[in-house]
Amino acid sequence: EWPETGRLALYLLGLRATCPLPEPGPQRLLVTWLKYYLEEDWAGSRRHGQPLTSYYQYSLGVLALCVHRKRVREEVIHRLLAAEHHGRFRHTGGSAVDTEAVAVLAFTCLERERLVGSRLAAELQAARRRVRRRMVEAQDPDGFFGNIYSTPWAMQVFIATNTCRTQPAYGRAMAALLENLDAFTTAATMAQALPVLHGRSYLDIASMHCQEEPDTLTPVSAKPPAEMLGNMTLRLVVECPEPRCPQHQLYNRTVSAPAGASLLDVLRAATMQGPPNFTFVTQDTPQGPFLSRVLGMEARQQQRRYWQLLTAPGTSLQMGVADYRPHDGETLILHLSEW
């Protein structure tokens, strides 16, 4: 069975943040499962040279264990250190910022909670300085680290290492984040941005005094979005690289959809407007719907394939299918890619 490293790690982080009642039995069982997943995950390195899931999920697992003050085998930590040192966090066509940030948060937690010896702590400090320097050097002109969704992760690094007040790059990132808060529409993305807006990082979960936490959670009724009248026309293109698909382009036609519709709504509209017939399948994830199959071609994590979302001529979208709202006349590209 495919290891659920990242999902279980996020659940354990959320569980600790909610100050659960002191019933250690179930939590202890989940922590044991996470340790098991970390070992099962690494079994993929014998075939792929990296975890079965990703270094992002693997780092989340180490971070979650540390926040629960559980020791991690030194071999597990050295795996992440080696990946950082040899630049293995980056995947094809993407950014390594979020993965590097999660790994550095895990490194900082292990050092802060004194779960490692002095020699290993020095290696973690050196890796932390390298990653932080790379983030500053690679900051986009618009203020983002990597993209809008990896930016809160990077900002947590500066918060956790007490460098946010002395680093101008952090101030630029905060300004960019405040201008784009409407992009954070799912529970998972909000959970990444909210701590930063309060000057906190996930490491603060480990030192929470739960007895002092007031119950301030109240339901909020969101206002429905303003209705937009009329339709828009877009071009939808589906691409699959050779040699898997000799014809390369599997679909290319105009699609009519209501103005203000999401990309997911556009895909639904396309299924009603054949021929040629358009089909797709999504899978529910904590980050929202994940495009898992298009025209019978499946995105398989085991084979490191995914459907990349782009706008012509080749700009990668930084939002999911349910969040991105295309504009009239835009060309949307679904490209079967590998990482």
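Here, every reference points to the structure presented above.
Just so you know, these numbers come straight off a predicted model, no measurement behind them.

**Observations concerning helix 4 (residues 55-67)**
Phase 1: Here helix 4 contains 13 residues, and its C-alpha end-to-end distance of 18 Å stays within 8% of the 18 Å for a straight helix at 1.5 Å per residue.
Phase 2: Counting buried positions along helix 4 gives twelve out of 13 residues, so the element sits mostly inside the fold.
Phase 3: Along helix 4, the residues classified as buried are Tyr55, Gln57, Tyr58, Ser59, Leu60, Gly61, Val62, Leu63, Ala64, Leu65, Cys66 and Val67.

**Overview of the packing of aromatic side chains**
Phase 1: In total, this model carries 13 aromatic pairs according to the counting rule given.
Phase 2: With centroids separated by 5.4 Å and ring planes inclined at 65 degrees, the aromatic side chains of Tyr55 and Phe89 adopt a geometry described as edge-to-face. On the criterion of sequence distance, the pair formed by Tyr55 in helix 4 and Phe89 in the loop between helix 5 (74-85) and helix 6 (97-112) is long-range, its members being 34 residues apart. Across the pair, Phe89 and Tyr55 agree in class, each one buried.
Phase 3: By the ring-pair criterion, three or more aromatic residues cluster together here, those being Trp42, Tyr55, Tyr58 and Phe89.

**Focus: the packing of helix 4 against helix 6**
In a packed pair of helices, the relevant descriptors are the angle between the two axes and the axis-to-axis distance.
Phase 1: Contact geometry of helix 4 with helix 6 gives a least axis separation of 8 Å together with a crossing angle of 25 degrees. The orientation of helix 4 with respect to helix 6, classified from their angle, is roughly parallel. Here helix 4 runs over helix 6; the crossing is left-handed. Taking contact as the criterion, the partners of Tyr55, Tyr56, Ser59, Leu60, Val62, Leu63, Cys66 and Val67 in helix 4 are, on helix 6, Asp98, Thr99, Val102, Ala103, Leu105, Ala106, Cys109 and Leu110.

**Comments concerning the side chain of His68**
Phase 1: For His68, the position within the fold is in the loop between helix 4 and helix 5.
Phase 2: For His68, a relative accessible area of 12% corresponds to the buried category.
Phase 3: The contact partners of His68, leaving out residues within four places of it in the chain, are Leu12, Arg16 and Gln27.

**A closer look at the nonpolar core**
Phase 1: Counting 70 residues, the largest nonpolar core has Val62, Leu63, Ile77, Leu110, Met135, Phe145 and Met155 as its most contacted members.
Phase 2: Considering each element in turn, this core owes the most residues, ten residues, to helix 6.
Phase 3: Not counting the four nearest positions on each side in its chain, Leu110 is found in contact with Val62, Cys66, Val72, Ile77, Leu115, Val116 and Leu124.
Phase 4: Formed by 29 residues, the second largest nonpolar core is a distinct cluster that contains Val238, Val255, Ala257 and Leu309.

The rules we used
Chains are numbered independently. Their residues run from 1 in the order of the written sequence. Predicted model: local features are reported for residues with pLDDT of at least 70 only, side-chain atom pairs are reported and counted for 80 or more only, and whole-chain, interface and lining totals are derived from all residues. Side-chain descriptors were evaluated using all non-hydrogen atoms of the structure, hydrogens and water having been removed beforehand. A run of DSSP states H or I qualifies as a helix once it reaches four residues; a run of E qualifies as a strand once it reaches two. Both are numbered from the N-terminal end. Working rule for helices: expected span equals 1.5 Å times residues minus one. Any residue under 20% of the maximum accessible area for its type is buried, any over 50% is exposed, and the rest in between are partly exposed; the area is computed with a 1.4 Å probe on protein chains only. Pairing of aromatic rings covers Phe, Tyr and Trp, the last through its six-membered ring, and needs centres within 6.5 Å; plane angles under 30 degrees mean stacked, over 60 mean edge-to-face, and all others mean tilted. To obtain an axis, a line is fitted to C-alpha atoms, over the contacting stretch when the element is a helix, and the angle between two such axes runs from 0 to 180 degrees between their N-to-C directions. In what follows, roughly perpendicular refers to angles from 65 to 115 degrees, roughly parallel to angles under 35, roughly antiparallel to angles over 145, and oblique to any angle outside these ranges. Crossing handedness is defined as follows: a turn of the near helix away from the far one that is anticlockwise and smaller than a right angle gives a left-handed crossing, while the clockwise case is right-handed. Residue contacts are defined here by distance: any two heavy atoms, one from each residue, within 4.5 Å place the two residues in contact. Think of a nonpolar core as a cluster: buried Ala, Val, Leu, Ile, Met, Phe, Trp, Tyr and Cys residues, connected wherever their side-chain atoms sit within 4.5 Å.

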